[in-house]
Amino acid sequence: MRMIQSMNNEWFYAPQFSEEYINQDRVDLNIFQPIRLPHTNIELPYNYFHDEDFQFISCYKRELEIPKEYEGKRIYLDFEGVMTYAKVYLNGQFVGEHKGGYTPFSIDLTEKAMYGQKNIITVIVDSTERPDIPPFGGFIDYLTFGGIYREVSLRVVEQVFIHDVFIKTYDVLSNKKRIEIDLMLTKNGHQEEPLIATCTLKQGDEVIQEVSKTIENNQVTISMTDLENIALWDIKNPCLYHMEVQLASQDQEIDRVVERFGFREAIFKADGFYLNGENIKLIGLNRHQAYPYVGYAMPKRAQQKDADILKNELGLNIVRTSHYPQSKHFLERCDEIGLLVFEEIPGWQHIGGKEWQDQAVKDVEKMIIRDRNHPSIIIWGVRINESGDHHELYTRTNELARKLDPTRQTGGVRYFEKSEFLEDVYTMNDFIHDGGLRKELARKTKNFSTYDATEDTQDDMIALRDQKQVTGLDYAVPYMVTEYNGHMYPTKKFDQEERVMEHVLRHVRVQDASFADDEISGAIGWCAFDYNTHADFGSGDKICYHGVMDMYRLPKFASYVYRSQKDPTEEIVLEPVTYWSRGDRSMGGVVPLVILTNCDYIEFYYGGASKGKYYPDKESFTGLPHPPVIIDELSGHWGSRWDDVSFVGYHNEKEVIRRTLSRSPVPVELEVIADDDLLFAKEKDVTRVVVKALDQHGNLMPFLTNPMVVKVEGAGELIGPNHLALIGGSIAFWVQTTGDKGNIQIQVASERFATQEITIKVE
Ligand code: GAL
């Protein structure tokens with residue numbers, strides 16, 4: 001029988017490594033400190049640190065009692081992710097190693113284990129940017145951080161066990177559906193009796209079908225047919241099923257695993273993307289899995305929260321896991337909430353030598369084998385992000401992907417035209433849209449070296465290229481835009497109003513162009529959240545301010561471009577893109593005033609008087625489901641009185657939302673809200689606490705730089721510094737459990753507001 005034991009607690013960590021650590025059979029508490037996983041090898045400041053700070057070799061140790069009863073079984077240590085290279089020892093003896101920080105690996109402890117005794121595991125973790133391991137070898141626009149940053153578990157199985165289960169669904173749109181289950185076994189030693197595999201399809205406790213089959217070799221395919229009354233997995237109703245797979249010999253159960261999956265058909269065609277036969281325009285953002293202070297090392301709840309933010313808060317239907325396989329918790333959540341996923345292998349522009357390429361091919365294999373039962377994943381990215389063409393390598397990655405998973409199409413992200421098309425979907429980072437800036441600059445300086453206006457015949461406001469121009473082919477192919485904006489217009493949450501407005505408009509223009517073009521399956525913008533990066537990129541403080549949200553996942557105005565595309569039955573959105581002041585913009589005033597909304601129209605009151613009704617600008621934006629309302633005129637001049645404003649949104653002729661902005665905002669409330677009010681003590685658990693400075697109308701105060709002292713007591717501890725300042729009127733911090741049960745008391749004290757206190761329960 002299979003036994004899985006979580007191994008995330010009781011680890012010890014040293015931020016350095018020395019050979020003698022390997023043979024130490026006790027944890028030396030002068031060198032090692034107790035930690036829980038997920039763990040970062042170093043906590044970093046929010047910004048302005050050295051991008052080498054996390055690049056060192058560290059060591060983790062853990063004691064492990066292996067009971068006598070385990071003798072004769074197989075014992076594995078399963079690592080979900082260690083950045084970037086791990087070497088594992090058991091009782092001072094080498095038991096395995098793994099290259100690559102984004103894929104799982106298993107270490108076989110069976111032979112070297114001491115049964116009925118305490119064993120000691122030592123993991124040497126090399127978090128340097130080793131050029132032999134993708135994504136390294138060149139420059140990359142993100143940080144990879146370090147440590148055992150994902151979970152670890154112990155797996156005890158019989159000598160024969162289920163190694164992998166892949167569930168393929170067919171005839172999904174017919175009312176008699178079909179499944180094929182590929183079952184792979186690992187067999188150690190000689191197996192006399194016949195092995196029987198039994199697959200049970202279940203939804204909840206209900207058994208839908210059960211099929212048994214004798215296994216001749218290490219592999220068997222089991223079919224289920226005539227499956228009726230099966231609900232599809234869909235973005236609106238992501239219905240999930242379970243496949244229980246039992247391995248038995250002479251009526252004795254040997255092993256059992258359960259896989260979750262869904263029935264859905266996802267196809268990119270030349271005229272767009274189809275989910276279960278329905279054409280859906282994909283609208284999404286790229287996600288880096290990085291967080292302030294702890295980098296990648298965030299547990300399940302935070303990973304899930306990101307998926308929730310993308311789907312439920314921003315209303316996206318797709319995310320790209322740029323530029324690597326991401327946490328299983330994130331992907332599982334995408335399955336549960338119906339967020340489609342483009343997953344890709346680690347890399348960034350650079351392709352290394354033969355060995356490096358072999359490693360990239362291995363990454364394809366590891367990614368697909370780990371993730372092919374996720375219904376949310378609809379395409380595999382099998383190219384190093386934005387690398388040049390490489391016929392041999394990409395023939396290999398595509399062939400392998402198709403062999404390992406004949407049910408999904410491949411893509412490969414490039415950023416240049418007429419790239420060799422070896423994939424099933426031409427996936428393109430189209431950074432053509434510059435808001436007309438190149439032309440404007442060219443007008444301003446005749447010597448502007450990087451641009452020759454005379455050669456440019458293109459419309460200077462082009463938002464996305466025609467796919468045939470990009471592919472160089474004279475026929476349409478399945479095509480998707482995988483990045484836009486990003487470095488073309490970095491924008492901070494607290495940037496000047498004209499800039500945040502242009503940031504908004506660029507996302508509007510590109511999404512509008514994507515919606516208007518049937519030959520574009522959709523567009524995934526760069527990017528969801530700001531992220532820490534190398535000195536070669538970003539704003540010099542080790543942050544790339546490319547997100548529509550900041551690193552704390554707090555919204556910039558541009559996030560409302562996405563959010564306002566939601567159906568009004570889901571949420572009514574009305575977000576005026578303004579700090580509402582006469583003097584923040586160059587030349588003064590607030591027009592053109594962009595209002596992101598999914599209301600039918602808005603009425604606008606200035607100083608209490610109605611200025612009329614304003615409608616979404618469907619003339620300028622013909623594609624978007626909910627184009628912004630744009631107000632071009634507002635009387636009043638520099639030197640006249642400034643007044644309060646109200647925006648009233650109507651849907652089906654009913655007032656559904658009202659926003660009032662004050663002519664003279666003053667701080668009234670420091671709002672402190674935790675994402676969760678209940679956490680669990682058993683393993684490291686976290687929640688985010690969001691702090692907002694609000695004025696008399698409940699609006700954010702973007703320029704208040706209020707310093708605060710955060711105190712966390714009881715069953716939790718603060719991640720990151722306890723002195724914080726608002727960034728653009730808000731900030732967040734994460735609180736993690738310590739292992740104790742009880743309450744976490746959180747206090748936020750500052751001068752301009754009353755001290756705020758909240759309590760989170762830990763069970
Ligand atoms: C792309 C790249 C991303 C990010 C982005 C910034 O070229 O794929 O990782 O750097 O540019 O816009």
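Please read these numbers as outputs of a predicted model, since none were measured by experiment.

Peer 1: Please provide a residue-by-residue account of the packing of helix H2 (residues 300-313) against helix H3 (residues 328-337), values included.
Peer 2: Between H2 and H3, whose axes approach to 8 Å, the crossing angle comes to 40°. Judged on the interaxial angle alone, H3 and H2 are oblique. For the element pair H2 and H3, the recorded crossing hand is right-handed. Across the interface between the two elements, Lys300, Gln303, Gln304, Asp306, Ala307, Asp308, Leu310 and Lys311 of H2 pack against His329, Phe330, Arg333, Cys334 and Ile337 of H3. Here the contact of H2 with H3 is composed, by residue class, of 5 nonpolar, 3 polar and 5 charged.

Peer 1: Describe the nonpolar core, with residues and values.
Peer 2: Formed by 65 residues in total, the largest nonpolar core has its most connected members in Tyr296, Tyr552, Phe733, Ile744 and Ile746. Where this core is concerned, the elements lending two or more residues are strand S30 (543-544), strand S38 (669-674), strand S40 (686-694), strand S41 (707-714), strand S42 (716-719), strand S44 (730-737), strand S45 (742-750) and strand S46 (756-762). Other than its neighbours up to four places away in sequence, Phe733 contacts Thr687, Arg688, Val689, Val691, Val710, Leu718, Leu724, Ile746 and Val748.

Peer 1: An account of the layout of surface pockets is needed here, citing residue identities and associated values.
Peer 2: In this model, the second largest pocket occupies a volume close to 1,000 Å³. Looking at the second largest pocket, it is lined by 42 residues, and the ones nearest its centre are Tyr560, Glu575, Arg659, Asn699 and Leu700. Contributing elements (two or more residues each) for the lining of the second largest pocket: H2, helix H9 (559-563), strand S31 (574-576), strand S37 (654-661), S38 and S40. A per-element tally of the lining of the second largest pocket places S40 first, with 4 residues. Classifying every residue of the lining of the second largest pocket by side-chain character gives 21 nonpolar, 7 polar and 14 charged.

Peer 1: For the packing of aromatic side chains, give the residues involved together with the corresponding values.
Peer 2: Enumeration according to the criterion identifies 34 aromatic pairs in this entry. For the ring pair Phe54 and Phe145, a centre distance of 5.7 Å and an interplane angle of 40° mean the geometry is tilted. Taken together, the residues Phe54 in the loop between strand S3 (33-35) and strand S4 (57-66) and Phe145 in the loop between strand S9 (117-126) and strand S10 (152-157) connect sequence positions 91 residues apart. Given a relative accessible area of 0%, Phe54 falls into the buried group. The interplanar angle of 45° and the centroid separation of 5.3 Å between the aromatic rings of Tyr149 and Tyr296 together place this pair among those described as tilted.

Peer 1: Which residues make up the state of the cysteines, and what are the values?
Peer 2: Under the criterion given, the structure shown has 0 disulfides. Just so you know, Cys544 is unpaired, no disulfide at all, and the nearest cysteine sulfur is the one on Cys527, 7.4 Å from it. Under the relative-accessibility criterion, Cys544 is labelled buried at 1%.

Peer 1: Account for the domain arrangement of the protein, naming residues and giving values.
Peer 2: Partitioning the protein into domains gives domain 1 (3-157), domain 2 (173-261), domain 3 (266-563), domain 4 (574-661) and domain 5 (669-762). Taking only C-alpha atoms into account, the centre of domain 3 sits 32 Å from that of domain 5. The partner domain 5 presents 22 residues to the 16 residues of domain 3 that form the contact. Of the roughly 1,600 Å² buried between domain 3 and domain 5, counting both surfaces, carbon and sulfur atoms make up 68%. The largest share of the area that domain 3 buries against domain 5 comes from Tyr293, Arg301 and Tyr552, three residues that together contribute 41% of it.

Peer 1: Outline helix H5 (residues 391-404), listing residues and values.
Peer 2: Between its first and last C-alpha atoms H5 spans 20 Å; for 14 residues at 1.5 Å apiece the expected length is 20 Å, and the two agree. Buried residues of H5: Leu393, Tyr394, Thr397, Asn398, Leu400, Ala401 and Leu404, and no others. One side of H5 carries all its buried residues, which in axial view fall inside an arc of 165°. Those residues of H5 that are exposed and aimed more than 90 degrees away from the buried face are Glu399 and Lys403. As for H5, its buried residues are in contact with strand S11 (160-170), helix H4 (354-371) and strand S25 (409-414).

Peer 1: Any details on the environment of Ile4? Residues and values, ideally.
Peer 2: Here Ile4 lies in strand S1 (residues 3-6). Spatially, the C-alpha atom of Ile4 lies 56 Å from that of Met461, the residues being 457 residues apart in sequence. Setting aside anything within four residues of it in sequence, one finds Ile4 in contact with Ser153, Leu154 and Arg155.

Peer 1: Any details on the site of the ligand? Residues and values, ideally.
Peer 2: In the vicinity of the ligand, 13 residues are found, and the nearest of them are Asp141, His323, Trp348, Glu386 and His487. Trp348 is positioned such that a nitrogen or oxygen atom in its side chain is 2.6 Å from an oxygen atom of the ligand. Here Glu483 contributes a side-chain N or O atom positioned 2.8 Å from an oxygen atom of the ligand. For the shell around the ligand, the residue count by class is 4 nonpolar, 6 polar and 3 charged.

Peer 1: Go over the pattern of salt bridges with me, naming the residues and quoting the values.
Peer 2: Evaluation of the coordinates by the stated rule reveals 59 salt bridges. Ionic pairing is found between Lys68 and Glu71, a salt bridge with its closest N-O pair at 3.3 Å. Overall, the relative accessible area of 44% leaves Glu71 in the partly exposed class. As a salt-bridge pair, Glu417 and Lys418 come within 3.5 Å of each other at their nearest N and O atoms. Relative accessible area serves as the criterion here: at 54%, Lys418 is assigned to the exposed category.

Peer 1: Give me the lowdown on the sheet that holds strand S8 (residues 105-108), citing residues and values where you can.
Peer 2: Strand order in this open sheet of 4 strands is S1-S10-S5-S8, and the pairing throughout is antiparallel. If you trace the sheet from one side to the other, it starts and ends with S1 and S8, each paired once. Taking the axes of each pair of neighbouring strands and ignoring which way they run, one obtains an average angle of 25° across the sheet. Where strand S5 (residues 74-79) meets S8, 4 bridges bridge the pair, whose relative direction is antiparallel. Bridge assignment links Asp78 to a residue of S8, and that residue is Ser106.

Reading the values: the criteria
- Residues numbered from 1 in each chain as written.
- Predicted model: local features only at pLDDT ≥ 70, side-chain atom pairs only at ≥ 80, totals over all residues.
- Heavy atoms only, no water.
- Axes fitted to C-alpha atoms, helices over the stretch in contact; angles between N-to-C directions.
- Helix = DSSP H or I, 4+ residues; strand = E, 2+ residues; numbered from the N terminus.
- Parallel < 35°, antiparallel > 145°, perpendicular 65-115°, else oblique.
- Left-handed = near helix turned anticlockwise from the far one by under 90°.
- Contact = heavy atoms within 4.5 Å.
- Nonpolar A, V, L, I, M, F, W, Y, C, P; charged D, E, K, R; others polar.
- Core = buried A, V, L, I, M, F, W, Y, C linked by side-chain atoms within 4.5 Å.
- Buried < 20%, exposed > 50% of the residue type's maximum accessible area, 1.4 Å probe, protein only.
- 1 Å grid on protein atoms, 1.4 Å probe; cavity = no way out; pocket = protein on both sides within 12 Å on 5 of 7 lines; lining within 4 Å.
- Points joined across faces, edges and corners; volume = space filled by probe spheres on them.
- Phe/Tyr/Trp six-rings, centres within 6.5 Å; stacked < 30°, edge-to-face > 60°.
- Disulfide = S-S within 2.5 Å.
- Domains from an automatic or database assignment.
- Buried area = accessible area lost by both parts, 1.4 Å probe.
- Expected span 1.5 Å × (residues − 1).
- Arc of directions from axis to C-beta.
- Near = heavy atom within 4 Å.
- Polar contact = N/O pair within 3.5 Å; in protein donor to acceptor, adjacent residues only side chain to side chain.
- Salt bridge = Lys/Arg side-chain N within 4 Å of Asp/Glu carboxyl O.
- Pairing = 2+ DSSP bridges.

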